[in-house]
Amino acid sequence: MTVFKKILDGEIPAEIVFEDDQCIAFRDIAPKAPVHILVIPRKEIPSIDDLQTEDEALMGHLFLVAKQVAAQEGLSSGYRTVINNGPDGGQEVPHLHIHVLGGRSLTWPPG
Ligand code: AMP
């Protein structure tokens, strides 16, 4: 079981900033920016590579929640959404999630 499933099940704590029937959003435990929130589906989808056609609307919903969370956090001058995928993509937790990063000027390209 992934650490994110444990958060979904309430087995380990997280600072949840948004939740609905399809997803939850909570603060990253090791923030890489002043605001660093993870938006995750309740459905256990390991990565982008595991997405099915039936997940199309869910993915759209996750991005609308990412936008809403960014507004809620006051990120009016911009922010970054990131989905790491697989080992070379830097993915550590095999439960699909959108990082919402902001509160400082972010550099490009990523490392
Ligand atoms: P990724 O490398 O894209 O899989 O991102 C996983 C993220 O989950 C990292 O930024 C971690 O800091 C974060 N993380 C791991 N465990 C927890 C936890 N218990 N609560 C909140 N965030 C976590």
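Worth saying up front: this structure is predicted, and the values here are computed from it rather than measured.

> Would you take a moment to explain the sheet that holds strand E1 (residues 16-19) for this structure?
Backbone hydrogen bonds hold the strands of a sheet together, and the pairing may be parallel or antiparallel. Taken in spatial order, the 5 strands make up an open sheet running E1-E2-E3-E5-E4, and their pairing is antiparallel. The open sheet has two edge strands with one neighbour each: E1 and strand E4 (79-82). Within this sheet the neighbouring strands show an average axis-to-axis angle of 20°, counted without direction. Relative to strand E5 (residues 98-102), E4 is paired through 4 bridges, and the arrangement is antiparallel. Each residue of the ladder has a partner; that of Val 82, found in E5, is His 99.

> Is there a simple way to explain the site of the ligand in this structure?
Taken together, 17 residues sit near the ligand, with Asp 28, Asn 84, Glu 92, His 97 and His 99 positioned nearest. Contacts to the ligand include Asn 84, whose side-chain N or O atom sits 2.8 Å from an oxygen atom. Across the complex, the protein chains shield 87% of the 500 Å² of accessible surface that the ligand would expose by itself. Counting only elements with at least two residues in the shell around the ligand, the list comes to helix H1 (3-8) and strand E2 (23-27). The element that contributes the greatest number of residues to the shell around the ligand is H1, accounting for 3 residues. Considered class by class, the residues forming the shell around the ligand number 8 nonpolar, 5 polar and 4 charged.

Conventions used here
Residues numbered from 1 in each chain as written. Predicted model: local features only at pLDDT ≥ 70, side-chain atom pairs only at ≥ 80, totals over all residues. Heavy atoms only, no water. Pairing = 2+ DSSP bridges. Helix = DSSP H or I, 4+ residues; strand = E, 2+ residues; numbered from the N terminus. Axes fitted to C-alpha atoms, helices over the stretch in contact; angles between N-to-C directions. Near = heavy atom within 4 Å. Polar contact = N/O pair within 3.5 Å; in protein donor to acceptor, adjacent residues only side chain to side chain. Areas by Shrake-Rupley, 256 points an atom, 1.4 Å probe, with all protein chains shown as cover. Nonpolar A, V, L, I, M, F, W, Y, C, P; charged D, E, K, R; others polar.

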